[in-house]
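Here are the chains, one letter per residue:
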Amino acid sequence: MSLRQKEKMSIEEPTVLISGGGPAGLLTALLLAQHSIPSTIIEKSAEADEWNSRSYSISMKDNGRLALQTVPGVWEAITEAAMLRTGIHITPNNEGKQMKLPVVPAQYSIARPLLIQCLESFASDSERITIQRGVTVVGLSPTTTNTSPSVDEYDANEQPPQVVQVKLSDGTTKSVTHVIG
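Keep in mind that this is a model prediction, so the values were computed, not measured.

Q: Can you walk me through the overall build of the protein chain in this structure?
A: Scanning the protein chain from terminus to terminus reveals five helices and nine strands. Listing the helices and strands of the protein chain from first to last along the sequence gives α-β-α-β-β-α-α-β-β-α-β-β-β-β. As presented, the protein chain carries roughly 11700 Å² of accessible surface, and 51% of it is formed by carbon and sulfur atoms.

Q: Quick question: what am I supposed to make of the pattern of salt bridges here?
A: As a working rule, side chains carrying opposite charge can pair if their charged atoms are close by. Under the defined criterion, the tally for this structure stands at two salt bridges. When the shortest N-O distance is used, the salt bridge between aspartate 62 and arginine 65 registers 3.0 Å. Of this pair, aspartate 62 and arginine 65 both sit in helix α3 (residues 62-69), three residues apart, roughly one helical turn. On the accessibility criterion, arginine 65 (25% relative accessible area) is partly exposed.

Q: Would you explain the environment of glycine 64 in this entry?
A: Structurally, glycine 64 is set in helix α3. On a C-alpha basis, the gap between glycine 64 and leucine 27 in space is 9.8 Å, while along the polypeptide they are 37 residues apart.

Basis of the calculations
Residues numbered from 1 in each chain as written. Predicted model: local features only at pLDDT ≥ 70, side-chain atom pairs only at ≥ 80, totals over all residues. Heavy atoms only, no water. Helix = DSSP H or I, 4+ residues; strand = E, 2+ residues; numbered from the N terminus. Areas by Shrake-Rupley, 256 points an atom, 1.4 Å probe, with all protein chains shown as cover. Salt bridge = Lys/Arg side-chain N within 4 Å of Asp/Glu carboxyl O. Buried < 20%, exposed > 50% of the residue type's maximum accessible area, 1.4 Å probe, protein only.

Spelled out as structure tokens, the structure:
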């Protein structure tokens, strides 16, 4: 690789657009930041997650725990906010008689809004993570590696995210065609 190619690679830093500021989006941004990869999280809610119908409890099993432990300080903050679940109370067949089923090994459990609040506090402290609230991606189109995506609409108070490509869960690559606020 020539010196010019190395200089070009160091100047052109990838940027990742993450659609959704829930636990998965925030953790993805934190993991990318650890590798010096900047990201922009676009979240449709104008305000942080409130207690609502999606305020369920999330149990931290091995995969989630291991991912959270890779970001310094995150796991410790979450275990302080979470509760240690050693059992689950159930009422079988509406008999009115409760049974306690043990959870072995014990797992930490945390309400979704509290988990988001914890992860967002770490994301907000990172220089490599930008969170834009009240913004929705409304369209994606196929792209090639030589094409830059266009961002047609965005919140007038914010700069549009500078996006190179969006990689979807099925492995396809698309570009952003519209972002609205």
